Amino acid sequence: LCPSSMMWLRSTVPRCLGHSCALASSSAPVSLFRAALCRPASGVGTKPTSGAESGAESGGGVTSGRSGSNQPTSTSITPNGSSSTIPPRRRLQGYTACHGKNPLAVPELGTSPKTAAGARELYDKWAVSYDEALESWGYPAPARVAETLKQLGAVTQSSAIVDLGCGTGMSSEALRGHGFRGPITGVDISAASLDIAKGKPGLYSALHQGNLDRGLPFLEDDEFDVAISVGVLSYVENFDHFLSGAARTCKPGGLICVTHRAELWDRDDRGVRTAAVALEEARVWECVHVGEPEAYMPNNPDPIEAAKTIRVLCWSVLPQ
């Protein structure tokens, strides 16, 4: 780390996460612990960046606790109010070692605007080779979300799930691989990606093309037990609409589990943390899990993309 990064860590860890760790071991109310984890710290900037700036930045973030194996851990609140730790999965083995091929280069990923229109154009062109590229990069996010849902213990194998920004279906493939057998509805802005997802048997019960910034009007209230959104949020421009729409479609007690670039979450880029806290204060949901930064595309041949990290984030929908 450079000296400026070390100074930022020394000042930010106690404010953002240190107090939450202390609360977890004290008699403080669970709701206060959740708020400390999810709420932006004082001084966190909220000025949104442009799409081009967002796409060019590498991941970052802070870490708090570490397990005995020196692997970063994250603190969660299970639905019964007890706390637990979920260790991030270890960095995946390189694609070259597994498949005898070099990781695929997709330079457009770093240059396309991080907007709905940018996502549509990029993923319509990329859909045919998308799965191969992500596998070559050691992309762990779909499996991490499936693992987190199981470890939080509030999702049954027959839960109805909506996959927001489903793309070609990699996240739902991970859910199926982890034993989830309930109906899955997919939503994506890319028609070409949805065509690929449609061709994967036994994956989706329904597919919709839609813009996540518009509040998901084509989905019913209280329709799902779980909502996931994996590798998508850097393209979202209106988090008020997206997060409230996701919460609206979930039943009381339902879980919303997403990944987001650690640096973008930590600095409240485009108001993502502000929108999440507003839903907490309105008693729409409560934060139950904020994961530590972990690998996103570790084997991407572009060093800027390979350095990016993500957090796994989860909320539980409250009765209204």
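Look a little higher up for the structure.
A.B. asks: Would you mind showing me how to read the pattern of salt bridges here?
C.D. replies: Scanning all chains against the criterion turns up 12 salt bridges. One salt bridge connects E294 with R144, and the closest N-O pair in it is separated by 2.6 Å. Within this pair, whereas E294 is found in strand 9 (residues 294-295), its partner R144 is found in helix 7 (residues 141-152), the two being separated by 150 residues in sequence. A salt bridge links R261 to E263; the shortest N-O distance between them is 3.7 Å. By sharing partners, the salt bridges in this structure join R261, E263, R267 and D269 into a single network.

A.B. asks: Before we go on, may I ask you to explain helix 7 in this structure?
C.D. replies: Residues three or four positions apart in an α-helix share a direction because the helix packs 3.6 residues into each turn. With 12 residues, helix 7 extends 16 Å from end C-alpha to end C-alpha; this agrees with the ideal 16 Å at 1.5 Å per step. Burial of helix 7 is extensive: 10 of the 12 residues sit out of reach of the surface. Among the residues trailing helix 7, G153 stands out with phi positive, at a value near 75 degrees.

A.B. asks: Honestly, the packing of aromatic side chains in this entry has me stumped. Any pointers?
C.D. replies: A ring pair, where both rings are aromatic, is described by two values, the distance of the centres and the angle of the planes. Enumeration according to the criterion identifies eight aromatic pairs in this entry. Considering the side-chain rings of W126 and W137, the 5.8 Å spacing of their centres and the 45 degrees angle between planes classify their relative orientation as tilted. Pair noted here: W126 is in helix 6 (residues 116-136) and W137 is in the loop between helix 6 and helix 7, with a separation of 11 residues, a long-range link. Each member of the pair, W126 as well as W137, carries the same accessibility label: buried. Where W285 meets W315, the ring centres are 4.5 Å apart and the plane angle is 10 degrees; that geometry is what we call stacked. Of this pair, W285 sits in strand 8 (residues 285-290) while W315 sits in strand 10 (residues 309-317); the two residues are 30 residues apart in sequence, bridging distant segments of the chain. Judged by its relative accessible area of 0%, W285 is buried.

What counts and how
- Residues numbered from 1 in each chain as written.
- Predicted model: local features only at pLDDT ≥ 70, side-chain atom pairs only at ≥ 80, totals over all residues.
- Heavy atoms only, no water.
- Salt bridge = Lys/Arg side-chain N within 4 Å of Asp/Glu carboxyl O.
- Helix = DSSP H or I, 4+ residues; strand = E, 2+ residues; numbered from the N terminus.
- Expected span 1.5 Å × (residues − 1).
- Buried < 20%, exposed > 50% of the residue type's maximum accessible area, 1.4 Å probe, protein only.
- Phe/Tyr/Trp six-rings, centres within 6.5 Å; stacked < 30°, edge-to-face > 60°.

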